[in-house]
Amino acid sequence: RFLDNRLFATCSDDTTIALWDLRKLNTKVCTLHGHTSWVKNIEYDTNTRLLVTSGFDGNVIIWDTNRCTEDGCPHKKFFHTRFLMRMRLMPDCSKMLISTSSGYLLILHDLDLNKSLEVGSYPILRARRTTSSSDMGSLGSSTPRAVGSPCHHQNDVGPLSEKHLSRASQREGGSPRNSLEVLTPEVPGERDGGNCITSLQLHPKGWATLLRCSSNTDDQEWTCVYEFQEGAPARPASLRCSLRLTHCIEEANVGRGYIKELCFSPDGRMISSPHGFGIRLLAFDGQCRELVDCLPREASPLREIRSLYSHNDVVLTTKFSPTHCQVASGCLSGRVSLYQPKF
């Protein structure tokens, strides 16, 4: 993650984050210690110059790069939840989204990164399924997966107790800072069972979130798009939720138990998704229109625009170039391929 034109940060499975300078890549600017397990996400708030990281220890940690020295940066634990998989900031840093391997999607609204959150200290807005009412406690869960590591499942209770939910149901008025919304996104193939949210991406304009989900039994895998619904309910405890399922497609489910990282194109009109030994380019409709121009009344299939195959192993990650008509893919055996699609 670039912090400016020359400084960037990397995260590692050795539990550390490193800061680098493009002008001197043979040595790190500094190494940041604070996580106790694999670090899997780096986000950056350009307004406050705060670095935000998350790892499989369940912690989201804030690093103050304004006071960075050779020994590191001052840091604090911002949030904690079990089975944390991925964390993302909205483009305007107004929200933080966190996905878990137990099938929950957490949204922190009106984000304030300067305030650390302890369990029970944040107001809970809503807790429900994205498109149909469901008992949160009825869903199964799983332990975190790792890129290159199969997933093993076990039972677990949800991240919130009934005590917290009942307290939230009595609240009225507007939403305070860092209000927590807990969702169990509906996945077409798992209406009555649990699922594992392995990958989380945000639309570049903040219109939607993109999830890669698999069933707890690893026999189905889906790519799903959920639009953000604007406006807040009159009562924070109302049943209206922030996300609505708009598009989905079933995946090949090759390489069961491994995380597959997908992505939006820079303009948000296409999705690149790992598919077996290659990738698929997906769109919201056959004309590759903007999401807001082709929102369906009910969840519709994503359209396959092109399939690209060049690997001899399962593709785990894919990314569009931010500046060129080019897309990259990386497979389990370590090979990276570049494509320049022609339509």
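Think of each chain on its own: its residues are numbered from 1, step by step along the sequence as written. Only residues with pLDDT of at least 70 get local features here, since the model is predicted, and only at 80 or more are side-chain atom pairs given and counted; chain-wide, interface and lining totals rely on the full set of residues. As a rule here, side-chain values cover all heavy atoms of the structure and leave hydrogens and water aside.

Comments concerning the overall build of the protein chain
Stage number 1. Here a helix means four or more residues in a row that DSSP labels H or I, a strand means two or more in a row labelled E, and each is numbered from the N terminus. Each helix and strand counted, the protein chain has one helix and 24 strands in total.
Stage number 2. Expressed as a percentage of the 343 residues in the protein chain, the buried residues total 55%.
Stage number 3. Values of accessible area rely on a 1.4 Å probe in the Shrake-Rupley scheme; residue burial ignores everything except the protein chains shown. Accessible surface for the protein chain amounts to roughly 15,200 Å². Of this, 48% is attributable to carbon and sulfur atoms. A simple rule labels every residue: compare its accessible area, found with a 1.4 Å probe on the protein chains alone, to the largest value its type can have, and call it buried under 20%, exposed over 50%, or partly exposed in between.

Observations regarding the UniProt feature "repeat: WD" (unreviewed entry) in the protein chain
Stage number 1. Taking the numbering used here, the UniProt-annotated feature "repeat: WD" (unreviewed entry) corresponds to residues 32–64.
Stage number 2. Split by type, residues 32–64 is 0% helix and 64% strand. Its first and last C-alpha atoms lie 11 Å apart. UniProt positions are given in the numbering used here, feature names are shortened, and annotations may be inferred rather than shown by experiment.

Digging into the packing of aromatic side chains
Stage number 1. Side-chain rings of Phe, Tyr and Trp (the six-membered ring for Trp) are treated as a pair once their centres are within 6.5 Å; stacked means planes under 30 degrees apart, edge-to-face means over 60, and tilted covers the remaining angles. All chains considered together, the criterion is met by two aromatic pairs.
Stage number 2. Ring geometry for Phe 2 versus Phe 8: centroids 5.3 Å apart, planes at 45°, classification tilted.
Stage number 3. Among the residues examined, Phe 8 registers a relative accessible area of 17% and is labelled buried.
Stage number 4. Residues Trp 38 and Phe 56 carry aromatic rings whose centres are separated by 6.2 Å and whose planes lie at 35° to one another, so their mutual orientation is tilted. Of this pair, Trp 38 sits in the loop between β3 (30–33) and β4 (39–45) while Phe 56 sits in the loop between β5 (50–55) and β6 (59–64), and the two are 18 residues apart along the sequence.

Topic: the environment of Arg 212
Stage number 1. Assignment of secondary structure puts Arg 212 in strand β14 (residues 208–215).
Stage number 2. The class for Arg 212 is buried, based on a relative accessible area of 2%.
Stage number 3. The spatial distance from the C-alpha of Arg 212 to the C-alpha of Cys 248 is 9.7 Å, given a sequence separation of 36 residues.
Stage number 4. Polar contacts, as counted here, are pairs of nitrogen or oxygen atoms within 3.5 Å of one another; within protein the pair requires one atom able to donate a hydrogen and one able to accept it, and residues that are adjacent in sequence qualify only if both atoms are side-chain atoms. A polar atom in the side chain of Arg 212 sits 3.2 Å from the side chain of Glu 221.
Stage number 5. Within the local environment of Arg 212, its side chain forms a polar contact with the backbone oxygen of Pro 274, the two atoms lying 3.0 Å apart.

Looking at the sheet that holds β4
Strand pairing in a sheet takes place through backbone hydrogen bonds and is either antiparallel or parallel in direction.
Stage number 1. The antiparallel open sheet is built from four strands, whose spatial order is β4-β5-β6-β7. Two strands bound the open sheet, and with one partner strand each, they are β4 and β7 (75–80). Taking each pair of neighbouring strands and ignoring which way they run, the sheet shows an average axis angle of 25°.
Stage number 2. Where β6 meets β7, five bridges bridge the pair, whose relative direction is antiparallel. Looking at β7, one finds that Asn 59 is bridged to His 80. Whether two strands pair comes down to DSSP finding at least two bridges between them. Geometry is summarised by axes, namely lines fitted to C-alpha atoms with helices restricted to the contacting stretch, and by angles between N-to-C directions that run from 0 to 180 degrees.

Here's the deal with the pairing of strand β8 (residues 84–89)
Stage number 1. Counting buried positions along β8 yields six of six residues, so the element is predominantly enclosed.
Stage number 2. Where β8 meets strand β9 (residues 96–100), five bridges bridge the pair, whose relative direction is antiparallel. Counterpart to Leu 89 in the pairing with β9 is Met 96.

Notes on the environment of Val 187
Stage number 1. Note on placement: Val 187 falls in the loop between β12 (179–184) and β13 (195–202).
Stage number 2. In the structure, Val 187 is positioned 26 residues away from Cys 213 in sequence and 7.4 Å away in space, judged by C-alpha atoms.

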